Amino acid sequence: MDAQREISEQRLKYRDILYGDDQLGPFPTQLLKRVPRPTSEVVGPIERRDPRESVFARSARGDFGEEIQRQFRRMTGRYPLGAALVDLQRHIAAVSTKRVEVAPRRAPIPRDPRVLSRHLKSLGYFLGADIMAVARLPQSAVYTHRMNGEPIDARLRYAIVFVNRKHEPTIRASNGWEQIVDPASFQAYQRLALQTEVAADYIRRLGWAAEPSHMYDYLTLMPQILLEAGIGEVCRMGIVLNPFLGTNFKSACVLTDLELETDGPVDFGLQDYCANCDICARQCPAGAIARGEQVVHNGYRTWKLNAEACSRFAVLNKEGCVCGRCTKVCPWHRPDSEPRDFAGWDGGLDTLHRSVDAQRRRLIENDCVDPLERTHKWWFELDELPDGTLSLPSDRNTHKVCRRHPLAKEPCD
Ligand code: B12
Ligand code: SF4
Ligand code: SF4
């Protein structure tokens, strides 16, 4: 059978899902308003970054002193569930070093970029992702080096983006800075690593170059890619907020030179929303989130996070493991954001903003304490000591943090 006839036959076979417009994943991302450029203004060249200069790498290196270095090294493993997740990480890292070669001959599949994008997004949903999107890869989002010092060549043109929600009932039941927070992130990171490793392996078998970029081997800085792929807009926290998930997600991507259709950036009015809201900034126990206006940083306008203050709190917090209080209290993180809540949604921003405003009122009325906190808490509070002994957590922060007003000197409850 000649290649052309084979492709026409495939077109007949897959016409419904791959050639149509049906929604592919659980959320109606196809209804979001697409715009030519991200809503974050770029005013100058964006320099590529080196992950070895991030606050995490610097904490591990000891740039912020011995205490931070020591606490950073045992951060996630201080809690037995975190330690179990860290154990699995070694196996995932071993998988990620074993990459198959790109097949010498390209597979007899349609070459239509739209069909291929729909195919690869469907693959992502099959592997368990919550949202999939495709972006033209901004070269400035590719790190200069891997963590091991190897220089990265930024030649691949597309990024297939994988988004995994952090386990919603758990995040809802936590106050944002307790022991479960980092395990909730690690659980999402591990799923993402497996999804992107499998997808990249598959694309190589089809005959195209593909490189996964995930927590165990980042090639890219994710937020700019998330913006270009239309996963969301940059919020006051300085990271990307998705209209369905808020910031309660983790992400990874597969870089490829397979010609794909891209999704494009979105605008759902977040720049104005965040300009008139500062709940995350007021609720950040480290005072790390900007309360004022956007500033220019590395060639773009953004609300600049005090990364050192955030990381310091996350590492030294004795009453929890890392922190995600900002994610937890943002009104875009709301109870009516399950896929079923968007079943009849027509893409109208009024409906979307009404549900966010309702959550904002609930938060303000309850002083940002979710009624489900405590009642839905399923995890045990335990500390794992370096010799493996488990004990009830006894360490306390030097000043007890108030759950309602984290920046206050004394707790009110
Ligand atoms: C190091 C790191 C941190 C550090 C330092 C971050 C920093 N700003 O320097 C600390 C400890 C503070 C941190 C905290 C958190 N992080 Co973090 N972090 C990372 C990591 C591993 C590397 C980022 C990095 O290299 N930063 C150093 C330099 C490059 O930072 P920067 O120049 O200031 O750029 C920052 C922003 O301006 C923005 N950005 C970058 N380029 C561009 C370009 C444009 C045009 C714009 C508008 C913005 C933008 O992204 C950077 C975010 O760190 C990334 C993973 C990744 N590969 O992207 C996750 C990542 C950014 N973190 C993430 C999350 C969710 C968190 C937390 C909520 C923790 C949690 N519990 O889950 C908090 C949120 C804090 C906050 N309000 O932002 C997610 C964000 C996803 C999203 N929604 O966009 C990421 C992408 C992880 C992932 N795989 O999904 N993190
Ligand atoms: S993760 Fe915690 S410390 Fe960091 S910015 Fe968010 S609320 Fe603040
Ligand atoms: S809490 Fe308010 S200011 Fe902060 S990211 Fe959410 S909407 Fe924006």
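Analysis parameters
Along every chain, residues carry numbers that run from 1 in the direction the sequence is written. Each chain is given a letter, starting from A, and each ligand a number, starting from 1, according to the order in which they appear as written. Residues qualify for local features only when their pLDDT is at least 70, as the model is predicted, and side-chain atom pairs are given and counted only at 80 or more; totals for whole chains, interfaces and linings, by contrast, use all residues. Side-chain measures here rest on the full set of heavy atoms in the structure, leaving out hydrogens and waters. Among buried residues, those of type Ala, Val, Leu, Ile, Met, Phe, Trp, Tyr and Cys that are joined through side-chain atoms within 4.5 Å constitute a nonpolar core. Using a 1.4 Å probe on the protein chains alone, a residue whose accessible area is under 20% of its type maximum counts as buried, one over 50% counts as exposed, and one in between counts as partly exposed. Secondary structure elements are defined from DSSP: runs of H or I of at least 4 residues count as helices, runs of E of at least 2 residues count as strands, and each element is numbered from the N terminus. Each domain's limits were defined by an automated method or a database of domain assignments. Between two residues, a contact is recorded if the distance between any of their heavy atoms is within 4.5 Å. Only a single heavy atom is needed: when it lies within 4 Å of a molecule or strand, its residue is near that molecule or strand. Here a cavity denotes grid points, spaced 1 Å and computed from the protein atoms alone, that fit a 1.4 Å probe unable to get out, and a pocket denotes an open set having protein on both sides within 12 Å along at least 5 of 7 lines; residues with an atom within 4 Å of a point are the lining. Any molecule with more than half of its atoms within 2 Å of a cavity's or pocket's grid points is regarded as sitting in that cavity or pocket. Charged means Asp, Glu, Lys or Arg here, nonpolar means Ala, Val, Leu, Ile, Met, Phe, Trp, Tyr, Cys or Pro, and polar covers whatever is left, Gly included. Two rings from Phe, Tyr or Trp (for Trp, the six-membered ring) form a pair when their centres sit within 6.5 Å of each other. Planes less than 30 degrees apart are called stacked, planes more than 60 degrees apart edge-to-face, and all others tilted. By the convention used here, strands pair only if DSSP detects at least 2 bridges between them. Comment: axis = line fitted to C-alpha atoms, over the contacting stretch for helices; angle = value between 0 and 180 degrees taken between N-to-C directions. One side-chain nitrogen of Lys or Arg within 4 Å of one carboxyl oxygen of Asp or Glu is enough to make a salt bridge. Note: buried area is the sum, over both parts, of the accessible area (probe 1.4 Å) each one loses when the two are combined. Contacts described as polar in this section are N or O atom pairs within 3.5 Å, which, within protein, must combine one atom able to donate a hydrogen with one able to accept it, while residues neighboring in sequence count only if both atoms come from side chains. Grid points are joined across faces, edges and corners, and a volume is the space filled by probe spheres set on the points.

Caption draft 1: Region of the structure containing the nonpolar core. In terms of nonpolar packing, the biggest core is built from 80 residues, with I231 and W332 touching the most fellow members. It is strand β2 (residues 158–165) that contributes the most residues to this core, 6 residues altogether. Counting contributing residues per domain, this core is built from domain 1 (3–40 + 98–256) and domain 2 (273–391), each supplying no fewer than three. Contact partners of W332, with chain neighbours within four places excluded, come to L241, P243, L245, G246, F268, L270, Y273, L352, H353 and V356. One finds F64, M75, A314 and V315 within the second-largest nonpolar core, a separate group that totals 8 residues.

Caption draft 2: How the structure looks around the site of ligand 3. Around ligand 3 sit C235, R236, M237, Y273, C274, C277, I279, C280, C330, P331 and W332, and that is every residue in its neighbourhood. Assessed atom by atom at 2 Å from the grid points, ligand 3 resides in the largest cavity. Looking at the shell around ligand 3, the elements with two or more residues in it are α10 (270–275) and α11 (279–283). Across the shell around ligand 3, the residue classes break down as 10 nonpolar, no polar and 1 charged. Summarising the domain contributions, the shell around ligand 3 has at least three residues from each of domain 1 (3–40 + 98–256) and domain 2 (273–391).

Caption draft 3: Structural context of the packing of aromatic side chains. Per the stated rule, a full pass over the model turns up 10 aromatic pairs. Ring plane angle 70° and centroid distance 6.4 Å describe the contact between F27 and F342, whose orientation is recorded as edge-to-face. Placement of F27 in the loop between α2 (15–19) and α3 (55–61) and of F342 in the loop between α13 (325–329) and α14 (349–365) is noted, with a sequence separation of 315 residues between them. Taken together, a centroid distance of 5.7 Å and an interplanar angle of 85° make the contact between W378 and W379 edge-to-face.

Caption draft 4: Representation of the environment of G264 within the structure. Here G264 lies in the loop between β6 (249–256) and α10. The sequence separation of G264 and K121 amounts to 143 residues, and the corresponding C-alpha distance is 15 Å. With sequence-adjacent residues up to four places away left out, G264 is seen in contact with R34, V134, E228, A229 and G230.

Caption draft 5: Spotlight on the sheet that holds strand β3 (residues 210–213). Taken in spatial order, the 4 strands line up as β1-β2-β6-β3 in an open sheet, and their pairing is antiparallel. Every interior strand has two partners, whereas the edge strands, β1 (131–136) and β3, have only one. For this sheet, the mean angle separating the axes of adjacent strands, direction not counted, is 20°. Here helix α6 (residues 113–126) sits on the sheet in contact with β1 and β2, set at roughly 140° to β1.

Caption draft 6: Quick peek at the site of ligand 2. Taken together, the residues surrounding ligand 2 are C284, P285, A286, I289, L305, C310, C323, G324, R325 and C326. Of the residues contributing to the shell around ligand 2, the split by class is 8 nonpolar, 1 polar and 1 charged.

Caption draft 7: Structural context of the pattern of salt bridges. Here the structure, examined in full by the defined rule, presents 30 salt bridges. The closest approach of N and O atoms between E211 and R99, which form a salt bridge, is 3.8 Å. Of the two residues, E211 is situated in strand β3 and R99 in the loop between α5 (80–96) and α6; the sequence distance between them amounts to 112 residues. Each of R99, R146, E150, E197, R204, E211 and D217 takes part in a single network of salt bridges with overlapping partners.

Caption draft 8: A look at unusual backbone geometry. A positive phi angle, near 65°, is found at V322, a position not held by glycine. Secondary-structure assignment places V322 in the loop between α12 (307–316) and α13. Its identity as a non-glycine residue notwithstanding, D367 has a phi of 55°, on the positive side. Here D367 is to be found in the loop between α14 and β9 (383–384). For D367, a relative accessible area of 31% translates into the label partly exposed.

Caption draft 9: Expanded view of the domain arrangement of the protein chain. Taken domain by domain, the protein chain consists of domain 1 (3–40 + 98–256) and domain 2 (273–391). Averaged C-alpha coordinates put domain 1 and domain 2 at centres separated by 23 Å. Taken together, the 33 residues of domain 1 in the interface contact 52 residues of domain 2. Both faces considered, domain 1 and domain 2 share a buried interface measuring about 3600 Å² in area, 59% of it formed by carbon and sulfur atoms. Broken down residue by residue, the surface that domain 1 buries against domain 2 is led by R172, W177 and R236, which jointly contribute 27%. One can count 3 salt bridges joining domain 1 with domain 2. A salt bridge links R165 to E338; the shortest N-O distance between them is 3.6 Å. Scanning the region where domain 1 abuts domain 2 turns up 24 residue pairs in polar contact (both at pLDDT 80 or more). Those elements giving two or more residues to the side of domain 1 that touches domain 2 turn out to be α7 (168–173) and α8 (181–206). When residues of the side of domain 1 that touches domain 2 are assigned to their parent elements, the largest contribution, 5 residues, is made by α7. Partitioned by chemical class, the residues of the side of domain 1 that touches domain 2 number 17 nonpolar, 10 polar and 6 charged.

Caption draft 10: Representation of empty space enclosed by the protein within the structure. If you walk through the whole model with that rule in mind, you get 2 cavities of 30 Å³ or more. Empty space within the largest cavity amounts to approximately 90 Å³. Forming the boundary of the largest cavity are C235, R236, M237, L241, Y273, C274, C277, I279, C280, C330, P331 and W332. Contributions of two or more residues to the lining of the largest cavity are made by α10 and α11. Split by residue class, the lining of the largest cavity holds 11 nonpolar, no polar and 1 charged. Domain assignment of the residues forming the lining of the largest cavity places at least three in each of domain 1 (3–40 + 98–256) and domain 2 (273–391). Roughly 40 Å³ of volume is contained in the second largest cavity. K166, I171, S174, G176, V181, N248, G324, T327 and K328 together form the lining of the second largest cavity. Here the residues of the lining of the second largest cavity sort into 2 nonpolar, 5 polar and 2 charged. Looking at which domains feed residues into the lining of the second largest cavity, each of domain 1 (3–40 + 98–256) and domain 2 (273–391) gives three or more.

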